[in-house]
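Coordinate inspection notes
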Amino acid sequence: MKFMEERKKIIETISKMQAAGLIKNTSGNVSIKINKNILITPSGKSYDELQAKDLLLLDKDKNVIEGELIPSSETNLHYSLYENNDKIKSIVHTHSIYATAVSTVIQELPPIHYQIADLGGTVPVAPYETFGSDELASIVTEYLGCKNAVLMKNHGAVTVAKTIEKALSRAILLEWLCSLYLIANQSGNPSILTNDDLNEVKKKMNHYQKMREMNQ
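Bear in mind that the values here come from a model prediction, so they are computed numbers and not experimental data. Numbering of residues starts from 1 in every chain and runs along the sequence as written. This being a predicted model, a pLDDT of at least 70 is required before a residue's local features are given, and a value of 80 or more before pairs of side-chain atoms are given or counted; all residues contribute to the totals for chains, interfaces and linings. With hydrogens and water excluded, all non-hydrogen atoms of the structure serve as input to the side-chain values.

1. Looking at the overall build of the protein chain
Strands are runs of DSSP state E lasting at least 2 residues, helices are runs of H or I lasting at least 4, and numbering of each runs from the N terminus. A tally of helices and strands in the protein chain yields six helices and nine strands. Computed over C-alpha atoms, the radius of gyration of the protein chain comes to 17 Å, within 12% of the 17 Å expected from 2.2 N^0.38 for 216 residues, which places it in the range of a compact globule. For the protein chain, the spread of C-alpha atoms along the three principal axes comes to 50 × 45 × 30 Å. Residues classed as buried in the protein chain amount to 47% of the 216 residues present. Note on areas: Shrake-Rupley, 1.4 Å probe, and residue coverage restricted to the protein chains presented here. Accessible area for the protein chain stands at about 11300 Å²; split by element, carbon and sulfur atoms hold 48% of it. Charge convention: Lys and Arg are scored as positive, Asp and Glu as negative, and His as well as the terminal groups of each chain are ignored. For the purpose of locating charges, the reference atoms are NZ of Lys, CZ of Arg, CG of Asp and CD of Glu. Of the side chains in the protein chain, 24 bear a positive and 25 a negative charge, and the two mean positions are spaced by 6 Å. Values of the radius of gyration come from C-alpha atoms, whereas the globule rule sets the reference at 2.2 Å times the count of residues to the power 0.38. Classification of residues uses two cut-offs on accessible area relative to the type maximum, computed with a 1.4 Å probe and protein chains only: under 20% is buried, over 50% is exposed, and between them is partly exposed.

Encoded structure:
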C-alpha cells in the first residue's frame, strides 16, 4: 500500500475523534491530500474496525487507485475544498453534537472566546443541502472561503488545515466553542469579542508561533 504514514495518521485521527466524542458509528470523515492524490475514509465502515487498508486512495479525477471499499459519501465536498484552496492539505468533517446543534439555531458562531481566532474568527453556517451532493460541496466551499472552519446547517462541521493534526485540533476547538456558546446563551446575554480584539489575538498567536519555530 502507498502512503502508510498518512494512513496511520488518519487511523489515529479517527481514534482521537471517537475519544473526543466528535463522531458516532460511521458519521463524519477525514482526508489528506498528497500531491494530486487524496487519501480518504470509506463510506459505511465502522470506525471501531477501521484499518489502514480500508482507506481509499483516489486520483485527481476521483478514480480509486487503491482500496476495496466505497469512498466517503462526502468525497465531492473534500475535492471541492482542496480544489479551491491549495493551502488546505487535510480535512476533518464531523457530526458532533454541539456543532450540529449550533448550526440549527444561528447563522454564524460569534467570537465567544478569543481562541476562535485560530478558526479565522466568526464561523459561518452554510445553508442546508443534501449530504453528498454537488450543491453541498459548492455551498460549503463558498462559506468556508479563507477561514479554517465552517458549520453546515442541520448537518455538522468542517475544519481544514495544512496537517491532519491541526485540522483535528480545530474540530475539537470548534466543538468546545459551540458548547460554550450554547451554555452562555442559555444563561443570559453573552458578551462577544470585537474585530479589534481578534486582531490583537492574531498578533499574539503569530508572535508565539514564530518563537516556537525559532526554538525548534
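2. Focus: the packing of helix H2 (residues 75-84) against helix H4 (residues 134-144)
One can describe the packing of H2 onto H4 by two numbers: an axis separation of 8 Å at closest approach and a directional angle of 35°. Between H2 and H4 the crossing geometry is right-handed. Here H2 contributes Asn-76, Leu-77, Ser-80, Leu-81 and Asn-84 to the contact with H4, which in turn contributes Asp-134, Leu-136, Ala-137, Val-140, Thr-141 and Leu-144. Its residues assigned to classes, the contact of H2 with H4 shows six nonpolar, four polar and one charged. Each axis is a line fitted through C-alpha atoms, and for a helix only the stretch in contact is used; angles between axes span 0 to 180 degrees, taken between their N-to-C directions. If you view the pair so one helix is near and one far, a crossing is left-handed when the near helix is turned anticlockwise from the far one by less than a right angle, and right-handed when it is turned clockwise. Residues count as neighbours in contact if any of their non-hydrogen atoms are within 4.5 Å of one another. Only Asp, Glu, Lys and Arg are considered charged, only Ala, Val, Leu, Ile, Met, Phe, Trp, Tyr, Cys and Pro nonpolar, and every remaining residue, Gly among them, polar.

3. A look at the side chain of Ser-27
Residue placement: Ser-27 occurs in the loop between helix H1 (4-19) and strand S1 (29-34). Look at Ser-27 and you get buried, because its relative accessible area is 16%. At a separation of 2.8 Å, a polar atom in the side chain of Ser-27 contacts the main-chain carbonyl oxygen of Lys-24. Apart from residues no more than four positions distant in its own chain, Ser-27 is found in contact with Tyr-47 and His-95. By the criterion applied in these results, polar contacts are pairs of N or O atoms within 3.5 Å in which, for protein atoms, one can donate a hydrogen and the other can accept it, and in which residues neighboring in sequence qualify only through two side-chain atoms.

4. Notes on the pairing of strand S8 (residues 149-152)
Residues Ala-149 and Leu-151 of S8 are buried on one face, and the alternating residues Val-150 and Met-152, pointing to the opposite face, are buried as well. Strand pairing requires that DSSP identify at least two bridges connecting the strands. Alignment of strand S7 (residues 123-126) against S8, held across two bridges, turns out to be parallel. Bridged to Ala-126 within S8 is Met-152. As defined by bridge partners, S8 adjoins strand S9 (residues 156-161) across four bridges and the pair is classed as antiparallel. Bridged to Met-152 within S9 is Gly-156. Counting the residues in the hairpin turn of S8 and S9 gives three residues, including Asn-154, whose phi is positive at 55°.

5. Structural notes on the environment of Asp-197
For Asp-197, the location among the structural elements is in helix H6 (residues 195-215). As for Asp-197 and Asn-37, which are separated by 160 residues in sequence, their C-alpha atoms are 39 Å apart.

6. Regarding the nonpolar core
Within the largest apolar cluster, 21 residues are counted, with the highest numbers of intra-cluster contacts made by Val-102, Leu-109, Leu-119, Val-123, Leu-151 and Leu-174. Here the nonpolar core consists of buried residues drawn from Ala, Val, Leu, Ile, Met, Phe, Trp, Tyr and Cys, with membership extended through side-chain atoms lying within 4.5 Å. By size, the runner-up hydrophobic cluster in this structure holds 20 residues, among which are Leu-56, Leu-77, Tyr-79 and Val-160.

7. Topic: the pairing of strand S2 (residues 37-40)
Burial of S2 is two-sided: the residues Asn-37 and Leu-39 facing one way and the residues Ile-38 and Ile-40 facing the other way are all buried. Bridge count between S1 and S2: four bridges; the pairing is antiparallel. When the sheet's bridge partners are listed, Lys-33 is paired in S2 with Ile-38. If you look at the hairpin formed by S1 and S2, you'll find two residues sitting between the two strands, and Asn-35 has a positive phi there, around 55°. Pairing analysis gives three bridges linking S2 to strand S3 (residues 56-58), with the strands arranged antiparallel. Paired with Leu-39 across the strands is Leu-57, a residue of S3.

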